Amino acid sequence: MTAPGQRGTTTVSDRAARRIAGRAVTEALPGRAARATGSSASVRGGRAEIAVDVALPYPAPLTPTVRRVQDHVTARTAELTGLDVRTARVGVTALTPDRQTAPGAPGAPAPEAASGGRVPRRWWARRGLPLGVLVLLATLTCGALATDLILVHAGHRPAALWRTGALHWLYAHGPGEPPVTAAALGCALLGVWLIVLAVTPGRRGLLTAHSPAPATQVAVDRAAVAALLRDAAAATDGVDTVAVRVRRRRATVRAALAFGDRAATREQITDAARRALTECGLRRPLRLRVAVRPLPVWTPPPAGPAPAPTGAVAPAGGS
């Protein structure tokens, strides 16, 4: 009988196991936007421990999706490496919009139906600063008054001078006096200002957009929309400089033409800007205005008489 020959050994490195686990994440959800943002692996003998950080599609049920990714990464890594892989540790680091539910995709719900209601046309501000100032003033006033009352009734101390002085001043001054009238006018102006803040949306720099996710509101900064329009116009052949201004209802694009046909360039810029606005998915489409002007042609200054050399003597005239 022939003695068996010595066989070699196969060693799977930590790097190979880590890359296989990262690749398995993309295979766990076919057709969905799942990817690995980080992974680690530790191989000891015939065992391996795997940990992956993933970005999962949104919207999707988080717990079943993570369990599916975990099972697939564990089974796929064990199949390809031949190691005994323990249950992989999965950490979710980001949620990315799913391609299957993106606006305009086949089978995607309508934007307003997907958001669970009517999308607001303006982004309402929380009015954090005015609310914080009012709460602080009310807290300080009520706290000082409550502290003085507790000290008077429980500690048997005399009332604070600021409280007795305010009462005496109010008792001695009537409604027709200038200080009382000025205070009343200030309170009225403060009330009007608070009413204006309550009925106006604020956040004029944000433009609302359609959202594919339910119960989610999305807004786009006006500066970001202006940057997209600027890039779209600058990519047109012959355009030298571009200036963009985005307002709540209108976007203006002004381009300087270095060469080419002015009408054709304006049409190309208009088409590119409209595509950029469509990709933004704004709730209220902006009215687009495009202006193209040629660059001013530089003309050299007119040539004048040559200056006389310094120190030259003018010829003497005479008969």
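Structure: see above.
It should be emphasised that the depicted structure is a prediction, and the values quoted were computed from it without experimental measurement.

## Observations concerning the overall build of the chain
Check the secondary structure of the chain and you find eight helices and nine strands. Counting across all 319 residues of the chain, residues that qualify as buried make up 26%. A separation of at least 24 residues holds for 63% of the contacts in the chain among residues at least 6 apart in sequence. Approximately 21800 Å² of the chain is accessible, and the part contributed by carbon and sulfur atoms is 60%.

## Brief notes about the nonpolar core
Ranked by internal contacts, the top residues of the largest apolar core, which has 26 residues, are Val-225, Leu-229, Val-246, Val-253, Ile-269 and Leu-286. If you list the elements that add at least two residues to this core, you get strand 5 (206–209), helix 7 (222–234), strand 7 (239–246), strand 8 (250–257), helix 8 (262–280) and strand 9 (287–294). The element contributing the most residues to this core is helix 8, with six residues. Every residue in contact with Leu-229, bar those within four places of it in the chain, is listed here: Val-244, Val-246, Ala-251, Val-253, Ala-273, Ala-276 and Leu-277. If you look at the next biggest cluster of nonpolar residues, it comprises 21 residues, including Leu-29, Val-52, Leu-56 and Val-73.

## Focus: a nonpolar patch on the surface
A cluster of nonpolar side chains, contributed by Tyr-58, Leu-62, Val-92 and Leu-95, occupies part of the molecular surface with about 340 Å² of accessible area. With respect to the helices, strands and loops of the structure, Val-92 is situated in strand 4 (residues 89–97).

## Some points on the side chain of Thr-270
If you trace the backbone, Thr-270 turns up in helix 8. Contacts of Thr-270, omitting those with residues within four sequence positions, involve Leu-288 and Val-290.

## Digging into helix 8
Its 19 residues place the ends of helix 8 27 Å apart at the C-alpha level, agreeing with the 27 Å of an ideal helix rising 1.5 Å per residue. Of all the positions in helix 8, only Thr-265, Ile-269, Thr-270, Ala-272, Ala-273, Ala-276, Leu-277 and Cys-280 are classed as buried. The inward-facing, buried residues of helix 8 abut strand 5, helix 7, strand 7, strand 8 and strand 9. A positive phi of about 65 degrees marks Gly-281, the residue just after helix 8.

## Thoughts on the pattern of salt bridges
Tallied over the entire structure, the rule returns five salt bridges. Two residues, Arg-86 and Glu-49, come together in a salt bridge whose shortest N-O distance is 3.1 Å. Of this pair, Arg-86 sits in the loop between strand 3 (84–85) and strand 4 while Glu-49 is found in strand 2 (residues 47–58), placing the two residues 37 residues apart along the sequence. Arg-86 gets classed as partly exposed once you look at its relative accessible area, which sits at 43%. Accessibility expressed as a relative area gives 29% for Glu-49, which makes it partly exposed. Note that Arg-163 is salt-bridged to Asp-148, the shortest N-O span being 2.4 Å. Of the two residues, Arg-163 sits in helix 5 (residues 161–172) while Asp-148 sits in helix 4 (residues 128–153), which places them 15 residues apart along the sequence. Look at the salt bridges and you will find they share partners, linking Glu-27, Arg-76 and Glu-79 into a network.

## A few points about the sheet that holds strand 9
Taken together, three strands build an open sheet; the order of strands is 7-8-9 and the sheet is mixed. Only two strands of the sheet have a single neighbouring strand rather than two, namely strand 7 and strand 9. When the angles between neighbouring strand axes are averaged without regard to direction, this sheet yields 15 degrees. The pairing of strand 7 with strand 8 spans seven bridges and is classified as antiparallel. By the bridge assignment for strand 8, Arg-245 is matched with Thr-252. The sheet strands contacting helix 7 are strand 7 and strand 8, and the helix crosses strand 7 at an angle near 155 degrees. On top of the sheet, helix 8 reaches strand 7, strand 8 and strand 9; it is set at about 150 degrees to strand 9, its chief contact.

## So, helix 5
For helix 5, built from 12 residues, the straight-helix expectation of 16 Å at 1.5 Å per residue is met to within 8% by its first-to-last C-alpha distance of 16 Å. The element helix 5 is barely covered by neighbouring structure, given that only one of its 12 residues are classed as buried.

## As for a positive patch on the surface
On the surface, Arg-245, Arg-247, Arg-249, Arg-250, Arg-254, Arg-266, Arg-274, Arg-287 and Arg-289 cluster together into a patch of positive charge. Those elements giving two or more residues to the positive patch turn out to be strand 8, helix 8 and strand 9. Its place among the elements puts Arg-247 in the loop between strand 7 and strand 8.

## Remarks on the packing of helix 1 (residues 14–28) against helix 2 (residues 62–81)
Relative orientation of the contacting elements helix 1 and helix 2 amounts to 135 degrees, with a least axis distance of 8 Å. With respect to each other, helix 1 and helix 2 are oriented oblique. You can see that helix 1 and helix 2 cross each other, and the crossing is right-handed. Touching Ala-17, Ile-20, Ala-21, Ala-24, Val-25, Glu-27 and Ala-28 of helix 1 are Arg-68, Val-69, His-72, Val-73, Arg-76, Thr-77, Leu-80 and Thr-81, all from helix 2. By residue class, the composition of the contact of helix 1 with helix 2 is nine nonpolar, three polar and three charged.

Each value, and the rule that gives it
- Residues numbered from 1 in each chain as written.
- Predicted model: local features only at pLDDT ≥ 70, side-chain atom pairs only at ≥ 80, totals over all residues.
- Heavy atoms only, no water.
- Helix = DSSP H or I, 4+ residues; strand = E, 2+ residues; numbered from the N terminus.
- Buried < 20%, exposed > 50% of the residue type's maximum accessible area, 1.4 Å probe, protein only.
- Contact = heavy atoms within 4.5 Å.
- Areas by Shrake-Rupley, 256 points an atom, 1.4 Å probe, with all protein chains shown as cover.
- Core = buried A, V, L, I, M, F, W, Y, C linked by side-chain atoms within 4.5 Å.
- Patch = residues over 30% accessible without salt bridge, like charges linked within 9 Å, V, L, I, M, F, W, Y side chains within 5 Å.
- Salt bridge = Lys/Arg side-chain N within 4 Å of Asp/Glu carboxyl O.
- Expected span 1.5 Å × (residues − 1).
- Pairing = 2+ DSSP bridges.
- Axes fitted to C-alpha atoms, helices over the stretch in contact; angles between N-to-C directions.
- Lys, Arg positive; Asp, Glu negative; His and termini not counted.
- Charge placed at Lys NZ, Arg CZ, Asp CG, Glu CD.
- Parallel < 35°, antiparallel > 145°, perpendicular 65-115°, else oblique.
- Left-handed = near helix turned anticlockwise from the far one by under 90°.
- Nonpolar A, V, L, I, M, F, W, Y, C, P; charged D, E, K, R; others polar.

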